[in-house]
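Structural features, examined
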Amino acid sequence: MLFEKSYQSQIIQEELNSTRKTKNSQSMKKDGSFNITKKAKKYLVLFMKSSSIHGLNHIVAARRHPLEILLWLITVGLCAFGSLYLSQTTWSRYQSSPTVISMDRDMFAWNTTFPCVTICPDNVLDEKKLAIYLRSFKEEDKSTLEAFIRGLSNISYDNFNTVPIYDGIPSDKYLELILNFTTTFKPTLTIGVTGVTLGIVPTITEMGLCYAVNSKVAVYNSPEYRSANRWDLIKKPNETLFIHPLDGEVYAQVMNLSTGYKVYIHGPSEVPDVATKNMYSEKDFYLKLYVTAVAIYTTSDAAELSISQRRCRFPEENNLLHNSIYSYTMCRMECRIRLCLKYCRCIPHFYRKIGDERICDVKGLQCLSKYKDELTKLRQKNGMKIDCGCYPLCEDINYVLQSNALQPWFLGTNFQWGMVTYPRMRYRRDIIFGFTDVLVAVGGMAGLFLGCSVLSFMEILYFLTLRLVCYAKVK
């Protein structure tokens, strides 16, 4: 019995000791947290007393009435809000519209790019190649096959529904089929500038196989570039011809065309699409086009801004999936591709296929023909413009038709184009509100509302880093 009582008393004593230790540890924690809170308050008071930001010292000054402290708190808070709000407005302006378009008027101070043209012949088929293919192809209904090939060779958004249904050729072979039957395009190309030769580059467009002259980007859609499955930038692109007012009137001429054609005039860094204006010439006619230019360029300072700030892109700033280089028209093509996939879950054969995308067969093309207006005009059925998110080129040139002439010509089908009147001005994209202006504006707001300077912000940084570490080590 005595042993049991002593054992019970020992257990009770141990429980009392553990309870005392718990209370002591809790009281020590409370004292520690209290000391930390007290120390933090002292540090905040120290900062507000010594800060050069106006108004903070009045909040913590001794012998202040509570209403007076409240008044200063409201005043400093309103001033801080005003400074931040106007600074945010200034920053938003810098991010959204820091550039301005102005004009240069010294026409002798720059060169002008000679107009680039893209020629799309009416008939690209070689009749001999087609006849040989039809004889060798094991098909009973060869008339349908021939009509299918002829319709496919001249297909565009305007006539998707004219191609007869034929299932003997898979849709992913359509483009290869057309290219195999393409006739040789070798007209005579001359230009009225000594020592200069221009080349003709075949290029695949939304109007079929066409041929470009004086273009930098046509090569990226050439059959050779596509067949090699290339997506890289060409290190030495085609050189374009530049002319100067002192050169006088400059013309180029394409002679001995074998068929009627459509011609598109555009800048060297652009390509034509189905919505681009064109001029048409029948066979055995002589078409003459004379233009002037409207150019825009971007200064080196503005080029250093982000794309969203300057609201334009350079060709190498490509964000397109189906092209290796950027242009405004190629961006619109990318938009049409997205719409084609949305409406009919396939894309026409003249676009580059990526991933698991499906090339439209004849039924797919007939499906796309139902949405002709939406696809060509990039507008919804209610007339609202579809937002494709396309920025213009930072350096571009557009041509304005001044005069044209179309007359019968017994010596064949010829085409002449050139520049008679040189532009007397060009547009310049430059910075009007740069980062230095942002610093000045923000600094002015901070100084006006809070009396701040750069040293005031350095004080805040100092109190949050070095001074805080030293203060925390002091017991």
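Residues numbered from 1 in each chain as written. Predicted model: local features only at pLDDT ≥ 70, side-chain atom pairs only at ≥ 80, totals over all residues. Heavy atoms only, no water.

Whether parallel or antiparallel, the strands of a sheet pair through hydrogen bonds between backbone atoms. Strand order in the open sheet formed by five strands is β5-β6-β3-β9-β10, with antiparallel pairing between adjacent strands. Of all strands in the sheet, those bounded by a partner on one side alone are β5 (200–205) and β10 (279–281). Mean inter-strand twist for the sheet, computed between neighbouring axes without regard to direction, equals 30°. (Pairing = 2+ DSSP bridges. Helix = DSSP H or I, 4+ residues; strand = E, 2+ residues; numbered from the N terminus. Axes fitted to C-alpha atoms, helices over the stretch in contact; angles between N-to-C directions.)

A few words now on the state of the cysteines. Enumeration according to the criterion identifies six disulfides in this entry. The disulfide that involves Cys120 links it to Cys210, with 2.0 Å between the sulfurs. Residues Cys120 and Cys210 are joined by a disulfide whose S-S torsion is about 105°; by sign, that bridge is right-handed. With Cys120 in strand β3 (residues 116–121) and Cys210 in strand β6 (residues 208–213), this residue pair connects regions lying 90 residues apart in the sequence. Disulfide pairing is shown between Cys331 and Cys390; the S-S distance is 2.1 Å. An S-S torsion of about -85° defines the bridge between Cys331 and Cys390 as left-handed. One end of the pair, Cys331, is in helix α10 (residues 328–344); the other, Cys390, is in the loop between α12 (372–377) and β12 (396–408), and 59 residues separate them in sequence. (Disulfide = S-S within 2.5 Å.)

Below, the discussion takes up the packing of α10 against helix α11 (residues 362–369). Contact pair α10 / α11: the axes reach a minimum separation of 10 Å and the direction vectors enclose 105°. In terms of axis orientation, α10 runs roughly perpendicular to α11. Across the interface between the two elements, Cys340, Tyr343 and Cys344 of α10 pack against Gly364, Cys367 and Leu368 of α11. Taken together, the residues of the contact of α10 with α11 sort by class into five nonpolar, one polar and no charged. (Parallel < 35°, antiparallel > 145°, perpendicular 65-115°, else oblique. Contact = heavy atoms within 4.5 Å. Nonpolar A, V, L, I, M, F, W, Y, C, P; charged D, E, K, R; others polar.)

Moving on to the nonpolar core. What tends to happen in soluble globular proteins is that the nonpolar side chains get buried as a cluster. In terms of nonpolar packing, the biggest core is built from 84 residues, with Phe148, Ile149, Phe415 and Trp417 touching the most fellow members. Broken down by element, the residue count for this core peaks at eight residues, all from α10. Setting aside its immediate chain neighbours within four residues, Ile149 contacts Leu125, Leu130, Tyr133, Leu177 and Phe181. Counting 12 residues, the second largest nonpolar core, distinct from the first, contains Tyr43, Ile53, Val60 and Ala446. (Core = buried A, V, L, I, M, F, W, Y, C linked by side-chain atoms within 4.5 Å. Buried < 20%, exposed > 50% of the residue type's maximum accessible area, 1.4 Å probe, protein only.)

What follows covers the packing of aromatic side chains. Taken as a whole and judged by the stated rule, the model has 22 aromatic pairs. When the ring of Phe148 is compared with that of Tyr166, the centres are 5.4 Å apart and the planes differ by 35°; the resulting orientation is tilted. Of the two residues, Phe148 is situated in helix α5 (residues 142–153) and Tyr166 in the loop between α5 and α6 (174–180); the sequence distance between them amounts to 18 residues. For Tyr166, a relative accessible area of 7% gives the class buried. Above the ring of Tyr326, the side-chain terminus of Arg313 is found at 5.4 Å from the ring centroid. Note that Arg352 overlies the ring of Trp231, its terminal NZ or CZ placed 3.8 Å from the centroid. (Phe/Tyr/Trp six-rings, centres within 6.5 Å; stacked < 30°, edge-to-face > 60°. Lys NZ or Arg CZ within 6 Å of the ring centre and 35° of its normal.)

Here we come to the side chain of Thr182. Secondary-structure assignment places Thr182 in the loop between α6 and β4 (188–191). In this structure Thr182 comes out as buried when scored by relative accessible area, which is 11%. Not counting chain neighbours up to four residues away, the residues in contact with Thr182 comprise Val124, Asp126, Lys129, Leu209 and Tyr211.

The next subject is the domain arrangement of the protein chain. Domain boundaries assigned for the protein chain yield domain 1 (34–96 + 436–473) and domain 2 (104–119 + 188–327 + 393–431). A straight line from the C-alpha centre of domain 1 to that of domain 2 covers 58 Å. (Domains from an automatic or database assignment.)

Per the UniProt annotation, the sites labelled "transmembrane region" (unreviewed entry) are residues 69–87 and 431–458. Annotation note: span residues 431–458, helix share 75%, strand share 4%, distance between end C-alpha atoms 30 Å. (UniProt positions renumbered as here; feature names shortened; annotations may be inferred.)

What follows covers the packing of helix α14 (residues 454–464) against helix α15 (residues 466–473). Axis separation between α14 and α15 bottoms out at 3 Å; the angle between their running directions is 35°. For the pair α14 and α15, contact is made by Tyr462, Phe463 and Leu464 and by Leu466, Arg467 and Leu468, respectively. Looking at the contact of α14 with α15 residue by residue, the class counts come to five nonpolar, no polar and one charged.

Before going further, it helps to spend a moment on the environment of Leu73. Tracing the chain through its elements places Leu73 in helix α3 (residues 66–96). Leu73 sits 304 residues away from Lys377 along the chain, and the two C-alpha atoms are 59 Å apart.

Another aspect to go through is the confidence of the model for the protein chain. Averaged over all residues, the pLDDT of the protein chain equals 87, while 92% of them reach at least 70. In the predicted structure, residues 1–5 sits below a pLDDT of 50 and forms zero contacts with residues beyond four places in sequence or in another chain. (pLDDT = per-residue confidence, 0-100.)

A separate point is the pattern of salt bridges. All told, the structure shown has 13 salt bridges when counted by the stated rule. A salt bridge links Lys372 to Asp158, with the shortest nitrogen-to-oxygen separation between them at 4.0 Å. A residue pair is termed long-range when its members are at least 10 positions apart, and Lys372 in helix α12 and Asp158 in the loop between α5 and α6 qualify at 214 residues. Using a relative accessible area of 32% as the deciding quantity, one classes Lys372 as partly exposed. Look at Asp158 and you get partly exposed, because its relative accessible area is 43%. The partner of Asp430 in a salt bridge is Arg428, and the shortest N-O contact between them spans 4.0 Å. Looking at Asp430, the relative accessible area reads 22%, which means it is partly exposed. Judged by relative accessible area, Arg428 falls into the partly exposed class, the value being 22%. Because the salt bridges share partners, they merge into one network encompassing Asp104, Arg426, Arg428 and Asp430. (Salt bridge = Lys/Arg side-chain N within 4 Å of Asp/Glu carboxyl O.)

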